[in-house]
Amino acid sequence: MRQRAKIIGIARHRLSTDGDGVTTLVAFHGCPLSCRYCLNPQSLGDGGRFREYSPEQLYAETRIDELYFLATNGGVTFGGGEPCLRPQFIREFRGLCGPEWRLNLETSLNVPVANIEALLPVVNTLIIDIKDTNPNIYRDYTGQSNALVLENLRLIADAGRQNDCIVRIPLIPGYNTDADRENSRKALETFGFTRFDLFTYQLRKH
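Here goes a summary of the coordinates provided.

Rules of the game
Residues numbered from 1 in each chain as written. Predicted model: local features only at pLDDT ≥ 70, side-chain atom pairs only at ≥ 80, totals over all residues. Heavy atoms only, no water. Core = buried A, V, L, I, M, F, W, Y, C linked by side-chain atoms within 4.5 Å. Buried < 20%, exposed > 50% of the residue type's maximum accessible area, 1.4 Å probe, protein only. Helix = DSSP H or I, 4+ residues; strand = E, 2+ residues; numbered from the N terminus. Contact = heavy atoms within 4.5 Å. Phe/Tyr/Trp six-rings, centres within 6.5 Å; stacked < 30°, edge-to-face > 60°. Salt bridge = Lys/Arg side-chain N within 4 Å of Asp/Glu carboxyl O. Pairing = 2+ DSSP bridges. Right-handed = clockwise from strand over helix to strand, strands pointing away. Axes fitted to C-alpha atoms, helices over the stretch in contact; angles between N-to-C directions. Parallel < 35°, antiparallel > 145°, perpendicular 65-115°, else oblique. Left-handed = near helix turned anticlockwise from the far one by under 90°. Nonpolar A, V, L, I, M, F, W, Y, C, P; charged D, E, K, R; others polar.

Re the nonpolar core
- One finds Phe78, Phe93, Leu126, Ile128, Leu153 and Ile156 to be the most contacted residues of the largest nonpolar core, which totals 47 residues.
- The element contributing the most residues to this core is helix H6 (residues 147-158), with 5 residues.
- Leaving out residues up to four positions away in the same chain, Phe78 has contacts with Val26, Phe28, Leu58, Pro83, Ile90, Phe93, Leu103, Asn104, Leu105 and Glu106.

Examining the packing of aromatic side chains
- Taken as a whole and judged by the stated rule, the model has 13 aromatic pairs.
- Here the aromatic rings of Phe199 and Tyr201 are separated by 5.5 Å at their centres, their planes lie at 65°, and the arrangement is edge-to-face.
- Given a relative accessible area of 24%, Phe199 falls into the partly exposed group.
- Put simply, the rings of Phe28, Tyr59, Phe69, Phe78, Phe89, Phe93 and Trp101 pair up and form one aromatic cluster.

Thoughts on the pattern of salt bridges
- One pass over the full model with this rule turns up 11 salt bridges.
- In this structure, Asp65 and Arg12 form a salt bridge, with 2.7 Å as the shortest nitrogen-oxygen distance. Residue Asp65 is located in the loop between helix H1 (55-62) and helix H2 (66-72), and its partner Arg12 is located in strand E1 (residues 5-15); the two are separated by 53 residues in the primary sequence.
- In this structure Asp65 comes out as buried when scored by relative accessible area, which is 1%.
- The exposure class assigned to Arg12 is partly exposed, which follows from its relative accessible area of 41%.
- With a closest N to O distance of 2.4 Å, Glu189 and Arg185 form a salt bridge. Taken together, the residues Glu189 and Arg185, both in helix H7 (residues 178-190) and 4 residues apart, mark about one turn of the helix.
- Accessibility expressed as a relative area gives 39% for Glu189, which makes it partly exposed.
- Salt bridges linked by common partners bring Glu106, Arg168 and Asp197 together as one network.

Considering the pairing of strand E8 (residues 196-200)
- Pairing of strand E7 (residues 165-171) with E8 involves 5 bridges; the strand directions are parallel. Bridge pairing in E8 links Arg168 to Asp197.
- The parallel pair E7 and E8 is bridged by H7, and the resulting crossover is right-handed.

Regarding the packing of H1 against helix H3 (residues 87-97)
- With their axes 9 Å apart at the nearest point, H1 and H3 run at an angle of 50° to one another. Judged by the inter-axis angle, H1 sits oblique to H3. Like other packed secondary-structure pairs, H1 and H3 cross with a definite hand, here right-handed. Contact with H1, carried on its side by Pro55, Glu56, Leu58, Tyr59 and Thr62, involves Phe89, Glu92, Phe93, Leu96 and Cys97 of H3 and no other residues of that element.
- For the contact of H1 with H3, the class distribution of residues is 7 nonpolar, 1 polar and 2 charged.

Considerations on unusual backbone geometry
- Along the chain, Gly80 connects to Gly81 via a cis peptide bond; the corresponding omega equals 10°.
- Mapped onto the secondary structure, Gly81 falls in the loop between strand E4 (75-79) and H3.
- At His13, a residue that is not glycine, the phi angle is positive and equals roughly 60°.
- Within the element layout of this structure, His13 appears in strand E1.

Any link to function would need more than the numbers given here.
Below, the structure is given as structure tokens:
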């Protein structure tokens, strides 16, 4: 079956914000979480604020910047929403762009393990928004369990891909504390992760 995906936006010429070099951010519609301070609420619901693309159509639109990608070791970053809900689409896109482009994922990892297994061979960097490793804080903030997140972290660690990951550990006002965030960092270090991005969520309700 020909893959198609709903995409809420494509942002070109991003420099060292979504991976190395010049990148194009492709944001997918759809997310398994219901975060209280959703950063991209347009990725939720079905209000028609998206376009459907095939991998071929997306490649045709993004290849305009191929010279920038090749010159700067950049490429395409898939975000959302949750890009890891569409592993076959991303695998087909990799087949079109070839190995020279870097492909990055901005993900919560709250997806089936099989999805991450399918994506690890074709992506370069995973930018993981972990929320919080405490299951109670995570459920309170996202409405979901973090069991899949932890399982996927183990998968990535078992594959020896920790150095290809940047783990974002946010301070979420009203949900966790600096001490909680430090506990999350320590828990992630036991998996072998060492690249962390500590920041504070902006209070923006959807």
